[in-house]
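Observations on chain architecture
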Amino acid sequence: MQFVFAPLLNCRGFQGLARSLSERYQVILYDQRGTGQSVMENISPETMTMDLMAADLEALRKHLGYQEWTVLGHSFGGVLGNFYLSLYPAAVKGFIASASGGIDLGLLDYFDLTQNLTEIQRDSFLYWTERLQSGDTTQLVQEKRHAFMARAYVYDDSHAPQIAKRLGQGNRQINQLIWQDLRRISYDTREAASQFRKPVLIIQGEQDVIRPQTGQDAHDAFPHSEFILMPACGHYGWLEQPGIYFDAIDTFMEGYNAADERDIRQVLTQYVRSIYEVDSSLVYEVTDTTLQKSGHFYSGRSGQWGYSDMTFGQLVQTADRYNRRGQIPEGAPSKVEVFDISSQTASAKVSAIWGFDYVLLSQDEWGKWRMDKVLWQSYSTEAQRAMIEGLKR
């Protein structure tokens, strides 16, 4: 399984995290435009946009030859990850939002870097910030400012020196230009999140400078997401709560097939319900309009097997008519067996009162599964009558 990281700084600060994950997964770190080894001659509002940053990530995926990958975005990387999947949903197998900035600009309404600092730490941070803003850009001033800033991001101050060193690698010009662009485009990926049916893990610390509500908002937007709040933890979960952090990721990665199987079972159960409950609206939910359904049926009148085709429109009519008189007894069979799941296709079998359906399903770019092709066979008249009588007893 491939991971790609989406930070805002260069990727060096994530090497420890990547090293830990690489014991079980393939991990890809990259320097975003203008950071680290990504050298740009012209850093400007025209060259520093969210669209270009997402396009860079997509170009990297294509260059490496991956059909899809798992994106892990930390902090601003979560913002970029949300934006990327809104533009290229088919490329994202799953998304991990680690202390993410969220699905919109809501954090700007409350964000205060000094909220977790003591009074002395806050005064010291503001003092060195004022020195820097007044034009004193000496190394001492920058190091002192980063040292106190780092304490805002951690629950355990013993990690602050490591974070302070990381903060010193930032590029303020790029940071300002990207946040300027986020405001320009009125960054909001809530609608895209609501359509994204693939697995999402949202994980952050309870004492993070990014409030839990930001994670909760994302959790509410993504249909298939899990939200984990880590106790006694700030902005860097893998440093302060490595056990919870890595266990959550491992469980998430192991759950890919389980999530797909769950969705496929739901699709096929709704298909049966559409006929049992005379609800053709469910057909539109779970079936592609290009449906090809063919099968063998037994005619009680002729005593012979026949063959017929059914279009999407005819399936809608069947759902409207098959049980309109309520003749299907309570407890009628509705069994789903999933045989195989690939990245975009799956096969399964449905057992219902009319017989057996062998189903091929396909997944759209947002991760929604739909019935695509069906081969079916009815029971013989005697077998169906016996089954119905057995249900009535």
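Okay, so let's go over this structure. (Residues numbered from 1 in each chain as written. Predicted model: local features only at pLDDT ≥ 70, side-chain atom pairs only at ≥ 80, totals over all residues. Heavy atoms only, no water.)

1. Some words on the overall build of the protein
When you go through the protein residue by residue, the secondary structure sums to 15 helices and 12 strands. In terms of C-alpha radius of gyration, the protein reaches 27 Å, well past the compact-globule figure of 21 Å for 393 residues. If one aligns the C-alpha atoms of the protein with their principal axes, the spans along those axes are about 95 × 45 × 40 Å. Within the span of the protein, comprising 393 residues, buried residues form 51% of the whole. Contacts spanning at least 24 positions in sequence make up 66% of the contacts within the protein whose residues lie at least 6 apart. Accessible surface, the protein as shown: approximately 18900 Å² in total, 47% of it carbon and sulfur. Here the protein holds 37 positive side-chain charges and 48 negative ones, and the gap between their average locations is 5 Å. (Helix = DSSP H or I, 4+ residues; strand = E, 2+ residues; numbered from the N terminus. Rg over C-alpha atoms; globule rule 2.2 N^0.38 Å. Buried < 20%, exposed > 50% of the residue type's maximum accessible area, 1.4 Å probe, protein only. Contact = heavy atoms within 4.5 Å. Areas by Shrake-Rupley, 256 points an atom, 1.4 Å probe, with all protein chains shown as cover. Lys, Arg positive; Asp, Glu negative; His and termini not counted. Charge placed at Lys NZ, Arg CZ, Asp CG, Glu CD.)

2. Description of the pattern of salt bridges
A side chain with one charge may pair with a side chain of the opposite charge, provided their charged atoms come close. On inspection of all chains with the given rule, the structure shows 13 salt bridges. Across the salt bridge formed by Arg24 and Asp250, the nearest N and O atoms sit 2.9 Å from each other. In this pair, Arg24 is assigned in the loop between helix 1 (15-21) and strand 2 (26-28) and Asp250 in helix 11 (residues 242-254), connecting sequence segments 226 residues apart. A salt bridge links Arg184 to Asp181; the nearest nitrogen and oxygen atoms lie 2.7 Å apart. Within this pair, Arg184 and its partner Asp181 are both found in helix 7 (residues 172-184), separated by three residues, close to a single helical turn. Through salt bridges with shared partners, a single ionic network connects Glu23, Arg24 and Asp250. (Salt bridge = Lys/Arg side-chain N within 4 Å of Asp/Glu carboxyl O.)

3. Topic: the side chain of Ser378
Within the secondary structure layout, Ser378 lies in strand 12 (residues 369-378). Here the side chain of Ser378 touches Tyr298 through a polar contact of 2.9 Å, landing on its backbone nitrogen. Not counting residues up to four positions away in its chain, the partners in contact with Ser378 are His296, Phe297, Tyr298, Trp305, Trp354 and Gly355. (Polar contact = N/O pair within 3.5 Å; in protein donor to acceptor, adjacent residues only side chain to side chain.)

4. With respect to the nonpolar core
Formed by 79 residues in total, the largest nonpolar core has its most connected members in Phe76, Leu182, Phe222 and Tyr245. Excluding anything up to four places from it in sequence, Leu182 contacts Met50, Phe76, Val79, Leu105 and Tyr187. If you look at the next biggest cluster of nonpolar residues, it comprises 31 residues, including Met310, Ala348, Ala352 and Ile353. (Core = buried A, V, L, I, M, F, W, Y, C linked by side-chain atoms within 4.5 Å.)

5. As for helix 11
With 13 residues, helix 11 ought to run about 18 Å at 1.5 Å a step, and its terminal C-alpha atoms sit 18 Å apart, in line with that. Along helix 11, the residues that are buried comprise Tyr245, Phe246, Ala248, Ile249, Asp250, Phe252 and Met253. (Expected span 1.5 Å × (residues − 1).)

6. Remarks on empty space enclosed by the protein
Inspection of the entire model under this criterion finds two cavities of 30 Å³ or more. In terms of lining, the largest cavity is formed by Glu68, Lys93, Lys198, Pro199, Tyr256, Asp260, Ser342, Ser343 and Gln363. Contributing to the lining of the second largest cavity are Asn82, Ala97, Ala99, Ser100, Gly102, Ile202, Ile203, Gln204, Thr214, Gly215 and Ala218. Of the residues assigned to the lining of the second largest cavity, the class counts are five nonpolar, six polar and no charged. (1 Å grid on protein atoms, 1.4 Å probe; cavity = no way out; pocket = protein on both sides within 12 Å on 5 of 7 lines; lining within 4 Å. Points joined across faces, edges and corners; volume = space filled by probe spheres on them. Nonpolar A, V, L, I, M, F, W, Y, C, P; charged D, E, K, R; others polar.)

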